[in-house]
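# Fold and contact review
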Number of protein chains: 2
Amino acid sequence: MQGSILDARAKAPGPTPAAAMMLDASHDPSLRSWVASARNHAEFPIQNLPLGVFAPDAGPARGGVAIGDEILDLAALATSGLCADIREIVMVASAPSLNGFLGLGTGARKRLRARLSALLADGSPAQAALKPMLHPAEKCTLGLPARIGDYTDFYAGIQHALNIGSLLRPDNPLLPNYKHIPIGYNGRASSVRPSGEAFPRPKGQRKRPDDTDPTFGPCRNLDYELELGIWIGPGNAPGSAIPIDEADDRIAGFCLLNDWSARDIQAWEYQPLGPFLSKGFATTISPWIVTAEAMAPFRKAQKPRPKGDPAALAYLSPSDATVPHALDVTLEVYIETAAMRAKGLAPHRLSLGTTQDLYWTPAQFVAHHSSNGCNLAPGDLFGSGTISGRDPGSFGSLMEITRGGREPITLPNGESRTYLVDGDAIIMRAAARREGFASIGFGECRAEVLPARG
Amino acid sequence: MQGSILDARAKAPGPTPAAAMMLDASHDPSLRSWVASARNHAEFPIQNLPLGVFAPDAGPARGGVAIGDEILDLAALATSGLCADIREIVMVASAPSLNGFLGLGTGARKRLRARLSALLADGSPAQAALKPMLHPAEKCTLGLPARIGDYTDFYAGIQHALNIGSLLRPDNPLLPNYKHIPIGYNGRASSVRPSGEAFPRPKGQRKRPDDTDPTFGPCRNLDYELELGIWIGPGNAPGSAIPIDEADDRIAGFCLLNDWSARDIQAWEYQPLGPFLSKGFATTISPWIVTAEAMAPFRKAQKPRPKGDPAALAYLSPSDATVPHALDVTLEVYIETAAMRAKGLAPHRLSLGTTQDLYWTPAQFVAHHSSNGCNLAPGDLFGSGTISGRDPGSFGSLMEITRGGREPITLPNGESRTYLVDGDAIIMRAAARREGFASIGFGECRAEVLPARG
């Protein structure tokens, strides 16, 4: 992927960051791992240490940590003598789903991170003991990191909301509630899938404006949506709310999320209760949980709202606006058509976006979601909403890029697209970069569209 | 509850029913149990045998069966010698959540039902062995019968859709898709609660039409919605669909469902992605799964669609329209205010509805939901949508009864209501009756509204 965000990496230590109080030795950019592939790794250097659930060539699924091109087996680590003092934590993190670990919260994540950082760092005396616990990632299958209790999809990409709204309501693109409420809806949890799982084109009811009646058949306008995924850690009791100042502490980590969307099915079904089957056939996520701790250097204060925008209500307003609640993550979408694959051509980048274009922060999602007493639980997953910027190169869906399918795009190999065709794979990647820190990545979020079944 | 549907019971055997092929000895109305309280029991005679998860005074939660005023402990039954040949089934049904049992499907449910029917019938030689396995229901706590993977709320009460639509769009109450699609949306699974769990009034953003800006605070227009709940049994693999003719076989049973609704929060939040926090603070269900087998005598062929309505598309049309896919269940909603409770007054009935007013059948829900390849799983829960009839005495929500809060109702003790006040409890009940069969009930679906939290 030439020209990818992953090629550019901050190399030299810079000035002391403002958020230094949240950082520790595990963030030191000069820290290097004895795992050779982790040195200068574009995504998984020792400063990242994301958690996931993997199955090696032979053997059951278990918790693991990505380090370079390898995965450290937490089940093996738990039974070693290298973590006797935090054995309970490592045991829970080695389970075939990380819900228990996510529920332990920030303290446990930090203790595990500190230990992993020390064990995997250059000069660690544990190197010989750990080597047999490493599995080549390319030989492993990665599953969902946790059983997703509930999946909630937000709509915080304001430019996306404007782009979509201007297609539907040119004179009034943004609804009156948008700048007051982090708009969201309940998604389908069962159909969230880990990267790599292809799925058939969904069928459904759709009706073109000039059709008299709807028909049932394969989706004609299949699209992707580029989103940030947010993994919830410790939840709240039913009937209680999580105050905005405590909200970041309930977020365990982040991933990439492709909110596949059947636009024709959506247009016909969504009134009055919102998207349903047009989304619930598949949602693809990157399989690694990039922890809140790994993301600490890449937090930013929320952008000031444009002049004239309403202030957020008190329950959505952190008491200290300078605390960096927002994120600075760069995200990419690539398309790889069947023809590209057949000829060995590199995937083509469709967009490059940034989480700084989100109108609401993850903490605001948490505070809003629980404000009615709704109980969140470890392993709940949020989507940020589609991330789009102002120019077409940063639009996070084909519906935006092709203006509702009216303006096809031409790919470098001569193919054209309005919406996706069978055989197309969509690949998302993300990177967090900052002067003075090691860049980290999220791993791949990829899935291919298969032909509709029978 | 004087005058309740539960007072009226069919007593004498009648003519052989059309659906006799689906019935067996367990439905014989002359069958009586040696459990004295089960004889002529309004809800739980031996012909019902609903499954749930209960915890006795002391001891952990486990699977149980309601029989009269008692609960039969399936964990005790599993380790007895009374079911050696179906021990695996009883073991799974005795777990603290019934997901595993629901996944076993129709065959296992029928085998368990046949055995329970024989064991609990008059003249059973197992009476002495079973007596110690009975717990008085009033001394037990009933939990959720299963871990709900995903909860989907449909909107199949056409009169409700008309009533609500006429408040919002007097000239065009029913949207164009309504008679083509079983409209539904994803609900919040984590906030589904068993009967008896009170909850605080939710807070949220709301904005009156003449307010300049929204405010955050306790819901002003708290409402209930009367629905039938549907428990999913064996699911489908991702990407596959469940054909309409196989759909009933994926339904394990039924319950009552109160889709509590914060109308003011809903009005402000729901565009463009549907209801979210206005629903996700609490959904109360009756704790017993009334099995598909117990409901067999109370199936009906779907009402023919009114002249002029479009035919259902093929994927929603059973190949034999005479197969009884619809249900004949009568449902009631009662209000019990704090003042009523203090004076020992009986709850007041707000509405009396019937599942025959649903435009779509449970089988159509299943076929539609999976038509896009969405994978359903054992323990998924569907709500039918609010069940309302044509006259105000059969409207399934206060929004309909009070015409959007504009026409208060007066209760028999002189209190008046537009929407619910703190201390109000809403109680739902349901009964299935048919000439020639023993009537069965669903048990209570009850919850009280507590004051909003500080």
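Residues numbered from 1 in each chain as written. Chains lettered and ligands numbered in written order. Predicted model: local features only at pLDDT ≥ 70, side-chain atom pairs only at ≥ 80, totals over all residues. Heavy atoms only, no water.

## Considering the confidence of the model for chain A
Close reading of the predicted structure is inappropriate where its pLDDT is low. Put simply, the rule reads: Every residue is assigned a pLDDT by the predictor, reflecting its confidence on a scale from 0 to 100.
Per-residue confidence for chain A gives a mean pLDDT of 94; residues scoring 70 or more make up 95%. Here the predicted complex scores 0.95 on pTM and 0.95 on ipTM.

## Comments concerning the interface of chain A and chain B
Put simply, the rule reads: Residue contacts follow a heavy-atom distance rule, with two residues in contact if any of their heavy atoms lie within 4.5 Å. In short, buried area is how much 1.4 Å probe accessible area vanishes from two parts on joining, totalled over both. Here a salt bridge means any side-chain nitrogen of Lys or Arg lying within 4 Å of a carboxyl oxygen belonging to Asp or Glu. Throughout this description, a polar contact denotes any pair of N or O atoms lying within 3.5 Å of each other; where both atoms belong to protein, one of them has to be capable of donating a hydrogen while the other can accept it, and for residues adjacent in sequence the pair is counted only when both atoms sit in side chains.
Between chain A and chain B, the residue contacts involve 56 residues of the former and 56 residues of the latter. By the criterion of area lost to chain B, the three top residues of chain A are Arg188, Leu273 and Phe276 of chain A, representing 15% of everything that side buries. A salt bridge links aspartate 380 of chain B to arginine 188 of chain A, with the nearest nitrogen and oxygen atoms 2.7 Å apart. The interface formed by chain A and chain B holds 28 residue pairs in polar contact (both at pLDDT 80 or more) in total.

## Thoughts on the relation of the copies chain A and chain B
Comparison of the two chain copies shows a relationship of rotation about an axis with a shift along it. To keep things clear, this is the line we draw: For this overlay, a least-squares fit was computed on C-alpha atoms, restricted to residues scoring pLDDT of at least 70 in both copies.
By a simple turn and slide, chain A fits onto chain B: the slide is 0.0 Å along the axis, the RMSD is 0.0 Å, and the turn is 180 degrees. The superposition operator between the copies reduces to a two-fold rotation axis. Closest to the rotation axis within chain A is the C-alpha of glycine 274 of chain A, separated from it by 2.1 Å. Residue by residue, 100% of the interface of chain A is reproduced at the interface of chain B, so both copies engage with the same surface.

## A closer look at the pattern of salt bridges
Using the following cut-off: Per the convention used, a helix needs a DSSP run of H or I reaching at least four residues, while a strand needs a run of E reaching at least two, with both numbered from the N terminus.
Summed over all chains, the structure comprises 52 salt bridges over all chains. When the shortest N-O distance is used, the salt bridge between arginine 32 of chain B and aspartate 122 of chain B registers 3.9 Å. Within this pair, whereas arginine 32 of chain B is found in the segment before strand 1 (51-55), its partner aspartate 122 of chain B is found in the loop between helix 4 (106-120) and helix 5 (127-130), the two being separated by 90 residues in sequence. Look at the salt bridges and you will find they share partners, linking Asp223, Glu225, Asp259, Arg263 and Lys279 of chain A into a network.

## Some thoughts on the domain arrangement of chain A
Residues and elements named next belong to chain A. Going by this rule: Per the annotation, domain bounds derive from an automatic or database assignment of domains.
Each assigned domain of chain A is listed with its residue range as follows: domain 1 (2-142) and domain 2 (151-450). On a C-alpha basis, the centres of domain 1 and domain 2 stand 27 Å from each other. Between domain 1 and domain 2, the residue contacts involve 42 residues of the former and 42 residues of the latter. With both sides pooled, the region where domain 1 packs onto domain 2 buries about 3,300 Å², and carbon together with sulfur makes up 63% of that total. Run the count over domain 1 and domain 2 and you get two salt bridges. Put simply, arginine 429 and glutamate 43 hold a salt bridge, and the shortest N to O gap is 2.7 Å. One can count ten residue pairs in polar contact (both at pLDDT 80 or more) joining domain 1 with domain 2.

## Let's talk about the environment of isoleucine 67 of chain A
Structurally, isoleucine 67 of chain A is set in strand 2 (residues 62-67). Discounting chain neighbours no more than four positions away, the residues touching isoleucine 67 of chain A are Ser33, Val35, Ser37, Ala38, Phe44, Pro45, Ile46, Leu49, Leu120 and Leu134 of chain A.

## Focus on the sheet that holds strand 1 (residues 51-55) of chain A
All names here are of chain A. Rules: A pair of strands is labelled paired if DSSP reports no fewer than 2 bridges between them.
The strand order across the open sheet built from five strands is 4-3-2-1-5, with neighbouring strands paired in antiparallel fashion. Because the sheet does not close on itself, it has two edges, and the strands there are strand 4 (134-136) and strand 5 (141-142). Bridge count for strand 3 (residues 70-73) against strand 4 is three bridges, and the pairing is antiparallel. By the bridge assignment for strand 4, isoleucine 71 is matched with histidine 135.

## So, the packing of aromatic side chains
We count it as follows: Only Phe, Tyr and Trp rings are paired, with Trp represented by its six-membered ring, and only when their centres lie within 6.5 Å; those with planes under 30 degrees apart are stacked, over 60 edge-to-face, the remainder tilted.
Evaluation of the coordinates by the stated rule reveals 21 aromatic pairs over all chains. Judged by centre distance (4.0 Å) and plane angle (20 degrees), the rings of phenylalanine 216 of chain A and tyrosine 315 of chain B are stacked. One end of the pair, phenylalanine 216 of chain A, is in strand 11 (residues 215-218); the other, tyrosine 315 of chain B, is in the loop between strand 18 (299-300) and strand 19 (326-327), on a second chain. Among the aromatic residues, ring-to-ring pairing joins Phe154, Phe365 and Phe382 of chain A together with Phe276 of chain B into one connected group.

## A look at the sheet that holds strand 5 (residues 141-142) of chain B
Taken together, the five strands give an open sheet; going across it, the order is 4-3-2-1-5 (chain B), and neighbouring strands pair in antiparallel fashion. For this open sheet the edge positions go to strand 4 (134-136) and strand 5 of chain B, each flanked by a neighbour on one side alone.

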